[in-house]
Amino acid sequence: MSPKDQRPIKQEIRRLERRLKRLRERLKISDRNEVVALYDGDVDERIAVEADGLGGARVVRADGNYPIDYSARDERHFRNEQAAGRAAHCLAEGNITNLAEFDPRKSYPCEQ
């Protein structure tokens, strides 16, 4: 496909990306792979909340130099960014020891 043939396709992609941005703003959800929260954990540990762009988010408990060179010690996907943020905060505060323990329906001391 020649560059000239690609022009309409690229214009359509730009149009769709602008529309997607407006929809995300209206729904108050973050862009895909955006780090919406970052906490310090133990020594050489970071706890990050990464948006999936669809309203959910993944919490990663990372050892090493997050986000460049790290290994994920624990991770979990949540259906909404708020629950992911709560889980990351509770993990950083020591109210839970791993992400599997977090129940979005419960209230934790770190949230008081």
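Above this text is the structure in question.
Everything numeric in this text was worked out from a predicted model, so none of it was measured.

Visitor: Please explain helix α1 (residues 3-27) as it appears in this structure.
Guide: In an α-helix, one turn spans 3.6 residues, which is why side chains three or four residues apart end up on the same side. The terminal C-alpha atoms of α1, which comprises 25 residues, lie 35 Å apart, in line with the 36 Å expected from a rise of 1.5 Å per residue. Once α1 ends, the next one or two residues include K28, with phi positive near 60°.

Visitor: Could you clarify how one ought to interpret the environment of A62 in this entry?
Guide: Of note, A62 is situated in strand β3 (residues 57-65). C-alpha of A62 to C-alpha of E45: the two residues are 17 residues apart in sequence and 5.5 Å apart in space. Once residues within four sequence positions are removed from consideration, A62 is found in contact with D44, E45, R46, Y70 and S71.

Visitor: Is there a simple way to explain the side chain of E81 in this structure?
Guide: Mapping E81 onto the fold places it in helix α2 (residues 81-93). Despite its burial, E81 remains without a salt bridge, the nearest opposite charge being carried by R24 at 7.4 Å. Apart from the residues within four sequence positions on either side, E81 is in contact with I29, S30, V36, A51, G55, G56 and A57.

Visitor: Quick question: what am I supposed to make of a positive patch on the surface here?
Guide: Judged by side-chain charge, K4, R7, K10, R14, R18, R19, R22 and R26 come together as a positively charged surface patch. For R19, the position within the fold is in helix α1. Look at R19 and you get partly exposed, because its relative accessible area is 46%.

Visitor: Even after reading the chapter, I still don't get α2, so can you show me in this structure?
Guide: In this model, α2 (13 residues) spans 18 Å end to end at C-alpha, consistent with the 18 Å of a helix rising 1.5 Å per residue. Considered for burial, the residues of α2 that qualify are E81, A83, A84, G85, A87, A88, C90 and L91. At the C-terminal side of α2, G94 shows a positive phi close to 85°.

Visitor: Please clarify how the environment of K106 should be interpreted in this entry.
Guide: For K106, the position within the fold is in the segment after α2. Of the residues examined, K106 reaches a relative accessible area of 48% and is grouped as partly exposed. Sequence spacing of K106 and K10 is 96 residues, and the spatial spacing of their C-alpha atoms is 46 Å. Residues within four places of K106 in sequence aside, it is in contact with R86 and E111.

Criteria and cut-off values
- Residues numbered from 1 in each chain as written.
- Predicted model: local features only at pLDDT ≥ 70, side-chain atom pairs only at ≥ 80, totals over all residues.
- Heavy atoms only, no water.
- Helix = DSSP H or I, 4+ residues; strand = E, 2+ residues; numbered from the N terminus.
- Expected span 1.5 Å × (residues − 1).
- Contact = heavy atoms within 4.5 Å.
- Buried < 20%, exposed > 50% of the residue type's maximum accessible area, 1.4 Å probe, protein only.
- Lys, Arg positive; Asp, Glu negative; His and termini not counted.
- Salt bridge = Lys/Arg side-chain N within 4 Å of Asp/Glu carboxyl O.
- Patch = residues over 30% accessible without salt bridge, like charges linked within 9 Å, V, L, I, M, F, W, Y side chains within 5 Å.
- Areas by Shrake-Rupley, 256 points an atom, 1.4 Å probe, with all protein chains shown as cover.
- Charge placed at Lys NZ, Arg CZ, Asp CG, Glu CD.

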